[in-house]
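Structural overview
Take a look at the letters that make up each chain.
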Amino acid sequence: MPKRAPVLNRLFAPLFHRILDRIDEGLEQGALEAWLPDGTTRILGGRGPGPVCEVQLESWRALLRLTSSGSAGWYRAWAAGEWDSPDAVQLFDLFMRNGRTLGGVARARGFGRIFAKVTHMRRRNDRRRARRNIEFHYDLGNDFYALWLEKSMTYSSALFNDPEDRHEPLEAAQRRKNEAILARLNLTEGVSLLEIGCGWGGLAVAALDKPAIRYDGLTLSPRQRDFAEARLVEAGLADRARILLTDYRDATGQYDAIASVEMVEAVGQDYWPDYIAAIHRLLKPGGRAAIQYIAIDDALFERYAASADFIQTYIFPGGMLLSESRFRAIAEAQGLIWQDPVHFGAHYAETLRRWRANFDAAVDAGQLPAHFDERFVKLWRYYLMYCEGGFRGGGIDVAQVTLVKR
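A brief structural summary. (Residues numbered from 1 in each chain as written. Predicted model: local features only at pLDDT ≥ 70, side-chain atom pairs only at ≥ 80, totals over all residues. Heavy atoms only, no water.)

1. Here we look at helix H14 (residues 324-333)
Those residues of H14 that fall on the buried side of the exposure criterion are Phe327, Ile330 and Ala331. Angular distribution of buried residues about the axis of H14 spans 100 degrees; they occupy a single face of the element. The elements touched by buried residues of H14 are helix H11 (272-282), strand E10 (336-343) and strand E11 (396-405). Phi for glycine 335, located one or two positions after H14, is positive at around 90 degrees. (Buried < 20%, exposed > 50% of the residue type's maximum accessible area, 1.4 Å probe, protein only. Helix = DSSP H or I, 4+ residues; strand = E, 2+ residues; numbered from the N terminus. Arc of directions from axis to C-beta. Contact = heavy atoms within 4.5 Å.)

2. As for the sheet that holds E10
Consider a sheet: its strands pair through backbone hydrogen bonds, and that pairing is either parallel or antiparallel. Within the open sheet, the seven strands sit side by side as E7-E6-E5-E8-E9-E11-E10. Their pairing is mixed. Each end of this open sheet is capped by a strand with a single partner; those strands are strand E7 (241-245) and E10. Each adjacent strand pair in this sheet contributes to an overall mean axis angle of 15 degrees, direction not counted. When strand E6 (residues 214-219) meets E7, the two strands line up parallel, connected through five bridges. Its bridge partner lying in E7, leucine 218 is registered against leucine 244. (Pairing = 2+ DSSP bridges. Axes fitted to C-alpha atoms, helices over the stretch in contact; angles between N-to-C directions.)

3. Topic: the nonpolar core
Across soluble globular proteins, nonpolar side chains show a tendency to be buried alongside one another. One finds Trp83, Trp148, Tyr155, Tyr275 and Trp380 to be the most contacted residues of the largest nonpolar core, which totals 110 residues. Sort the elements by how many residues they give to this core and helix H16 (residues 374-393) lands first, with eleven residues. Ignoring any residue separated from it by four or fewer positions in sequence, one finds tyrosine 155 in contact with His137, Tyr138, Tyr145, Trp148, Leu149, Trp200, Glu262, Phe316, Trp355, Trp380 and Tyr383. In terms of nonpolar packing, the next biggest core, distinct from the first, is built from 23 residues, Ile181, Ala204, Ala206 and Val261 among them. (Core = buried A, V, L, I, M, F, W, Y, C linked by side-chain atoms within 4.5 Å.)

Next up, the structure:
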């Protein structure tokens, strides 16, 4: 039950109920039951099918943070204990599912928007800052990621036989995803494969299991490079592979095929043409590239790109989800044929649910390195919930596509 409200909460309540009115108007799918600081409760939405959520609003400050700083402010409010929910994933699903009709209600505005955008621009992925941005996220430590990724250390969406079937092992679904990427490349004996953003080497091992090919992988993370190299040595594959600490813009040579799995999100909109130009330059005529990417609904992209959201602020500095239509236009303008796109967002939602379960189990078992404090744990748990809700809500999606050089 709601607590008895202090006088100031009741005094300023009408101002905040107007914000809630705007949220209510934008919720065409699903519903939100809100327990409010003035001691009242409200049901928002409820006009169409969708997730039914609960939120306990401990302080009106949470709404101020939401309306001034968008999703980054909403995270800060949660971290400060100003709101809570028994199922935050459903809440994020609800907001994403209604992203078009909510408009700018939950987007940064005014000074908060300007500050976030300027800060994000200072993290743009030129050659100097790209490496620093990658290290910010990926050099948290191989031991950290090994605690909650599966055995292959694959940090991208799996491809399940059925994302609703929770019995299939995550490792099997990650193998299926790798096979789907490689199947797009028509690899035959003697061909050369470049992977832009090789991670910890999972796709490299899968690719080198094919008929004798030559593999080069690019990363900007020294810890990933060291791990992938050791992995290839252990598998007896190092004689046919190289892991290069090289920016994609500086890569040289020509390859029969290119793979790039969820790396383009780390590029940033300003550098999409550079990324596509690198693929075109590095592919032999008739060569094929298989790309796995995360995109945001085109109808939401302009508002999303106008500021910096929670992910860009706290998790992936310099990052940017794709606008599929804009990215495709750049690829086609540079002479790449866009073929066979396949979308599978529900699979990413399930992948994230599995990762969060593994992460929570590692935390409960006290397995995280000591320097990862409670604040870090809360941030990453929120990150995994936030992303899962986004995919469940359908406003963001993951896809694979083949690009063929004319």
